Amino acid sequence: MSELEELYRRMLVIRRFEEELAEVKKLGEVPGSIHLCIGQEAIPVGVSALLLPDDYVTATYRGHGWAIERGSDLAGLFGEIMGRASSVAGGRAASPYLSDASVGFIGENSIVGAGVPIALGAALSCDRLGGGRVSVVSIGDGAMNQGNVHEALNMAAVLALPLVVVVENNGYSEMVRIEDMVRVTNLAERGAAYGIPAETVDGNDPVVVARAAAVAIERARTGGGPSIIEARTQRLVGHYSGDAQHYRPAGEVAAAREVEPLVRARAALLEAGRDAAELDAIAAGVDREIQDALAAARLLPLPDPTTVMEHVYA
Amino acid sequence: MPEIKNLSYIQAVNHALRWSLETVPNTVVFGEDVAVPGGPFGATKNLHRDFGVDRVFDLPISETAFLGMALGSAMTGLRPIAEIMYSDFLFVAMDQVVNQIANIRYTSNGKWGAPLVIRTQQGSSPGACAQHSKSIEAYLAHTPGLRVVCPTTPMEAYQAIRTAVVSDDPVFVVESRMLYPQKGEVQLDAELWPMGGARVVRPGADATIVAWSRTMTAALEAGEQLAARGVDAEVVDLRWIAPLDVETVADSVAKTGRLVIAHDAPGTGGFGGELAARVGERCFGRLRAPIARVTGIDAPLPAAPALQDVALPSADRIAGAVLETMSA
Ligand SMILES: Cc1ncc(C[n+]2csc(CCOP(=O)(O)OP(=O)(O)O)c2C)c(N)n1
């Protein structure tokens, strides 16, 4: 399997997981709102391709893709989001706040920016406990305007910790355009203020993302300190389930669909000589995996109400 | 021969931190001015020199980032001890406390834990402004997932920190700046104390006074004043806000039938209200007078000593409240 083919398959897993989740949500099987990363899959896939099992990843409420890439159990993820007694978090976290210690997934965070200081702590452990491990954190563009991110970026630089900050710039923080909320063209320009190497890359191409991640992760593993990767992308769906997206200009999403990572990766694979039937077979395999996981999740029991006070303390 | 030293409260803190760095693997100490300067109050004196910059280090003035760093590092193998210089400064970092640190064990269904310690100090002192004088225990008590201790003596401070450092839950050690110079005997090689537990400091039969932190000084003084007037007050040091030892207080109240709770924090929403409710639930039939509270005023704390004198519980006010319950 070529590098791109594998990245394509992994992006498909995330895409199909979330598409299925959206369907399940429509059926009323998911309480609360969900934030999908549909259109942004190249970023978790490209970065995670370079990560090792004992590295750490921190994400946001839009973090299903990162959890999947970390290797969190798909049925467990479905079950967690569906409010069931899942292996992931027992139904205590749901879609926007799930974590999974069994795969080094520090977790999502529903407080904008708050994952960066926590990921900084994981980077401190990586540094002090040795082993060349790294801590990766994903945030949105809007999070770059949070004080917690500013503090953590400066601190990461000062302590030269192995932290890779991935800014998934999808053009919107919730419902406002990022260009109306900052006075820099590229968020990566902020890196200079902290003395952190930063670059802006095409976040819809997993190979490009992986190349940038390789540099940043290598820098972190070898004591070179933190990096920022601004990955430009677009979300193809609302900020959250139920977002009518009236704030987006007509045609924007349609145009984005032309250049979204799966469309591009498929085109590139075809151009490289793969035939459509092969790619369809990959998709069919992914589909089975997702359907099996969903079926397993539906069999999970609901959390036992008598356990509601468990795990407040050790 | 037990190793007993006469130490000030802040020296006891320093010894406890030294013990932690020596004894508990992967402990690190960080905060503002804690390394070469040895801490704004001397809590970390010489620790940087003796344990090195990897384990004792200074950070930018970024409380949010360093409490988040405490959490992330605690989740992944370190045992961080973070210092927040004044408890008032915690509020700039409250998200990390309330939404992050306190949650993670529960929301991960026990798969992650946060074995971290946050040390801070609280309370008013002459001239201290309203941003350097708060008593914050109630804010912390309201957040499930945190442990909170307010030591009042050097030995308690020494033991509280050691207990906190070996705990697998996040613990706030809320020290008292006004008590820092006070001396007392500290047994450095003592067994660790279990987490939690109030202590009857002064046994008595007529009324129960419960206090913690700086207010204990006033409570004990009130006990003396009352003794001189023939009233035998039992004074209880609550010590741990969480876990809360209601039993010790309720046992005392069951005996005396009277309870006065004193704390420096404002009365409204203060921890005394919670304690009163808990004791009321258990001791309603034994109470011979309404539970009384002597607290800080419901106002930002003034800086001028003349105003502070009436803003905070004094021995006189506590003794007065006890006498009132006696005549109820
Ligand atoms: C501290 C805080 N403020 C506001 C919100 C509400 N909120 C949730 S997501 C969001 C937008 C964040 O935008 P961005 O960082 O660009 O991430 P994206 O949603 O695009 O992935 C906001 C304002 C929040 N969750 N936390």
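The rules behind these values
- Residues numbered from 1 in each chain as written.
- Chains lettered and ligands numbered in written order.
- Predicted model: local features only at pLDDT ≥ 70, side-chain atom pairs only at ≥ 80, totals over all residues.
- Heavy atoms only, no water.
- UniProt positions renumbered as here; feature names shortened; annotations may be inferred.
- Helix = DSSP H or I, 4+ residues; strand = E, 2+ residues; numbered from the N terminus.
- Domains from an automatic or database assignment.
- Contact = heavy atoms within 4.5 Å.
- Buried area = accessible area lost by both parts, 1.4 Å probe.
- Polar contact = N/O pair within 3.5 Å; in protein donor to acceptor, adjacent residues only side chain to side chain.
- Pairing = 2+ DSSP bridges.
- Axes fitted to C-alpha atoms, helices over the stretch in contact; angles between N-to-C directions.
- Buried < 20%, exposed > 50% of the residue type's maximum accessible area, 1.4 Å probe, protein only.
- Core = buried A, V, L, I, M, F, W, Y, C linked by side-chain atoms within 4.5 Å.
- Parallel < 35°, antiparallel > 145°, perpendicular 65-115°, else oblique.
- Nonpolar A, V, L, I, M, F, W, Y, C, P; charged D, E, K, R; others polar.

Under an unreviewed UniProt entry, chain B has the name Alpha-ketoacid dehydrogenase subunit beta and belongs to Agromyces soli. UniProt's Cofactor (unreviewed entry) comment on chain B is quoted here verbatim: "thiamine diphosphate".

As annotated in an unreviewed UniProt entry, chain A is Thiamine pyrophosphate-dependent dehydrogenase E1 component subunit alpha from Agromyces soli. Taken verbatim from the UniProt record of chain A, the Cofactor (unreviewed entry) comment is "thiamine diphosphate".

J.: Let's hear about the UniProt feature "domain: Dehydrogenase E1 component" (unreviewed entry) in chain A: which residues, and what values?
T.: Per the UniProt record, "domain: Dehydrogenase E1 component" (unreviewed entry) is found at residues 9-303 of chain A. Taken as a whole, residues 9-303 of chain A contains 44% helix and 12% strand, while its terminal C-alpha atoms sit 33 Å from one another.

J.: So what about the domain arrangement of chain B? Which residues, and what values?
T.: Residue and element names in this part refer to chain B. Domain boundaries in chain B define domain 1 (4-187) and domain 2 (199-327). Computed from C-alpha atoms alone, the centre-to-centre distance between domain 1 and domain 2 is 26 Å. Facing 27 residues of domain 1, the contacting portion of domain 2 comprises 25 residues. Overall, the association of domain 1 and domain 2 removes approximately 1900 Å² of surface from exposure, summing both partners, and the carbon and sulfur fraction of that is 60%.

J.: With reference to specific residues and values, describe the interface of chain A and chain B.
T.: The interface of chain A with chain B comprises 41 residues on the first partner and 41 residues on the second. Around 3400 Å² of area is buried between chain A and chain B when both sides are counted, 62% of it from carbon and sulfur atoms. The tally of links from chain A across to chain B stands at 23 residue pairs in polar contact (both at pLDDT 80 or more). Every element with two or more residues in the side of chain A that touches chain B is listed here: β2 (105-107), α5 (115-129) and α6 (147-159) of chain A.

J.: Could you give an account of the sheet that holds β2 of chain A, with specific residues and numbers?
T.: Sheet strands associate in pairs through backbone hydrogen bonding, adopting either a parallel or an antiparallel arrangement. Residues and elements named next belong to chain A. Across the sheet, six strands lie side by side as β2-β1-β3-β4-β8-β7; this open sheet has parallel pairing. Edge positions in the sheet fall to β2 and β7 (198-202), since each has one partner strand and no second. Averaged over all adjacent pairs, the angle separating strand axes in this sheet is 20°, with direction ignored. Pairing analysis gives three bridges linking strand β1 (residues 56-58) to strand β3 (residues 135-140), with the strands arranged parallel. By the bridge assignment, Thr58 is partnered in β3 with Val137.

J.: Quick rundown of the pairing of strand β10 (residues 207-211) of chain B? Include the residues and the values.
T.: Residues and elements named next belong to chain B. Burial within β10 is extensive, with five of its five residues counted as buried. Inspection of the sheet shows β10 paired to strand β11 (residues 233-237) by five bridges, in the parallel sense. If you follow Thr208 over to β11, its bridge partner there is Glu234.

J.: Residue-level account of the nonpolar core, with values.
T.: Soluble globular proteins tend to bury their nonpolar side chains together. Membership of the largest hydrophobic core comes to 84 residues, with the highest contact counts inside it found for Phe30, Leu67, Met69, Leu140 and Leu238 of chain B. With sequence-adjacent residues up to four places away left out, Leu140 of chain B is seen in contact with Leu90, Met94, Val97, Leu146, Val148, Phe172 and Val174 of chain B. Core analysis: the next-biggest nonpolar cluster, separate from the first, contains 65 residues, Val13, Ala75, Val209 and Leu236 of chain A among them.

J.: Give a detailed account of the packing of α5 of chain A against α6 of chain A, specifying residues and quantitative values.
T.: Helix packing geometry: the angle between the two helix axes and the distance between the axes. Residues and elements named next belong to chain A. Running from amino to carboxyl end, α5 crosses α6 at an angle of 25°, the nearest separation of the two axes being 8 Å. Put simply, α5 runs roughly parallel to α6. Every residue of α6 that contacts α5 at Val116, Pro117 and Leu120 is listed here: Asn148, Val149, Ala152, Met155 and Ala156. Per-class residue counts for the contact of α5 with α6 are seven nonpolar, one polar and no charged.

J.: Go over the side chain of Ser138 of chain A, please, and point to the residues and values.
T.: Within the secondary structure layout, Ser138 of chain A lies in strand β3. In this view, Ser138 of chain A contacts Thr58, Ala59, Thr60, Trp66, Val166 and Glu168 of chain A; residues no more than four positions away in its chain are not counted.

J.: Can you lay out the sheet that holds β10 of chain B for me, pointing to particular residues and giving the numbers?
T.: Residues and elements named next belong to chain B. Judged by pairing direction, the sheet is mixed, and its five strands sit side by side in the order β9-β11-β10-β13-β14 without closing on themselves. The sheet is open, and its two borders are formed by β9 (199-202) and β14 (292-296), each paired with just one other strand. Mean inter-strand twist for the sheet, computed between neighbouring axes without regard to direction, equals 25°. Sitting on the sheet, helix α10 (residues 271-283) touches β10, β13 (259-266) and β14, and the angle it makes with β13 is about 155°.

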